[in-house]
Amino acid sequence: MNRLSSTRPPADRASSTISLPLRLNAVREAIVSCAQCARLRTYCKRVAREKKRAHRLETYWGRPVPGFGDPEARVLLVGLAPAAHGANRTGRGFTGDGSGDFLMSALHRTGFADMPTSRHADDGLQLTEAYIVSAVRCAPPDNKPTPEEITRCLGHLGAEVDELPRVRVVVALGKIGFDAWLQFQRRRGLSLSPRPQFGHGVVAPMPDRDGIPQPVLVGCYHPSRQNTNTGKLTAEMMEGVFRNARKLAGLSPAPGRRA
Ligand code: SF4
């Protein structure tokens, strides 16, 4: 297993090469330096400059956020986009807000994460058999990227996925991640008819491409505060998706638990 962690200050996190294959690290650096979407870059920098009162003494990341996790992962998680005061602050996806803790708690209970929280990029968190990306790498205003921004960022998704050769299962966290993955597969020539529809727990097998099996797509409600506070997504529901992902990926049940 080969994973990313960092003990460097925020400004240097992107250039960390700790335990990362060279090509995956090059992909990460290309993401961090991307400036294709003027609207999003302007917004992220403004948020990083103005900050939230609770974090006013911190240095925000304020740049595009690459994926993180185990480069040998068989399970890929695709979220929506960095949160303005979460990943846009800490520089790591699903880190520094309630969504991150909710997600990591479920990943911890199902054997993918070695701790149940995700507070900052230097917390030592390590993922096993899981890698986390988002459809859009810059925090969008109101968490709503435009279709053009989603399409533009698919290039980064493809570049990162190409360096994760063992992925067998893609868990989409929310409808936007689900649809972005379908769009990505269509762009790569996959014929998807009928088009799979997003739903929590939905399992959508993909056809082969040029004789090469493609990862099965699994839907999961996004662990947003809106979903978790209202009970639309419970801890048990999210845990159930990850237990099924382990099965679909051919992984053994989480240690000490039934999968
Ligand atoms: S959203 Fe993606 S494509 Fe747009 S600037 Fe950020 S990293 Fe680049």
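Look a little higher up for the structure.
Residues numbered from 1 in each chain as written. Predicted model: local features only at pLDDT ≥ 70, side-chain atom pairs only at ≥ 80, totals over all residues.

1. Some remarks on helix α4 (residues 98-109)
- Over its 12 residues, α4 extends 17 Å from the first C-alpha to the last, a length consistent with the 16 Å expected when each residue adds 1.5 Å.
- Taken as a whole, α4 has its buried residues at S99, G100, F102, L103, M104, A106, L107 and H108.
- Summarising the contacts, the buried residues of α4 are in contact with β3 (130-134), α7 (225-229) and α8 (235-248).
- Within two residues after α4, G111 carries a phi angle of roughly 85°, on the positive side. (Helix = DSSP H or I, 4+ residues; strand = E, 2+ residues; numbered from the N terminus. Expected span 1.5 Å × (residues − 1). Buried ≥ 20, exposed ≤ 12 C-beta atoms within 10 Å, placed from the backbone. Contact = placed C-beta atoms within 7 Å.)

2. Considering the environment of R186
- Its place among the elements puts R186 in helix α6 (residues 175-187).
- Residues R186 and H55, 131 residues apart in the sequence, show an inter-C-alpha distance of 41 Å.

3. Let's talk about unusual backbone geometry
- Residue S193 is joined to P194 through a cis peptide bond whose omega torsion reads 0°.
- By secondary structure assignment, the location of P194 is in the loop between α6 and β5 (203-204).
- Residue K51 is not a glycine yet carries a positive backbone phi of 60°.
- The topology assignment puts K51 in the loop between α2 (38-50) and β1 (68-69).
- Positive phi, close to 50°, is recorded for F94, a residue that is not glycine.
- Tracing the sequence through the fold places F94 in the loop between α3 (87-90) and α4.

4. Here we look at the nonpolar core
- The biggest cluster of nonpolar side chains holds 63 residues, and the ones touching the most others in it are V75, V78, A135, V171 and A172.
- Among residues more than four places away in sequence, those in contact with A172 are V78, G177, F178, W181, L217, V218, G219 and C220. (Core = buried A, V, L, I, M, F, W, Y, C linked by C-beta atoms within 7 Å.)

5. Describing the sheet that holds β3
- Spatially, the 6 strands line up as an open sheet ordered β1-β3-β2-β4-β6-β5, and their pairing is mixed. Looking at which strands have only one partner, the edges of the open sheet turn out to be β1 and β5.
- The sheet contact formed by β1 and β3 spans 2 bridges and is antiparallel. For F68, the partnering residue across the bridge sits in β3 and is I132.
- Strands β2 (75-79), β4 (169-173) and β6 (216-220) of the sheet are contacted by α8, whose axis makes an angle of about 170° with β6. (Pairing = 2+ DSSP bridges. Axes fitted to C-alpha atoms, helices over the stretch in contact; angles between N-to-C directions.)

6. Brief notes about the pairing of β6
- In terms of burial, β6 is a largely internal element, 4 of the 5 residues being buried.
- Pairing analysis gives 5 bridges linking β4 to β6, with the strands arranged parallel. Its bridge partner being in β6, A172 is matched across the sheet by G219.
- Relative to β6, β5 is paired through 2 bridges, and the arrangement is antiparallel. The residue bridging V203 from the neighbouring strand is V218, located in β6.

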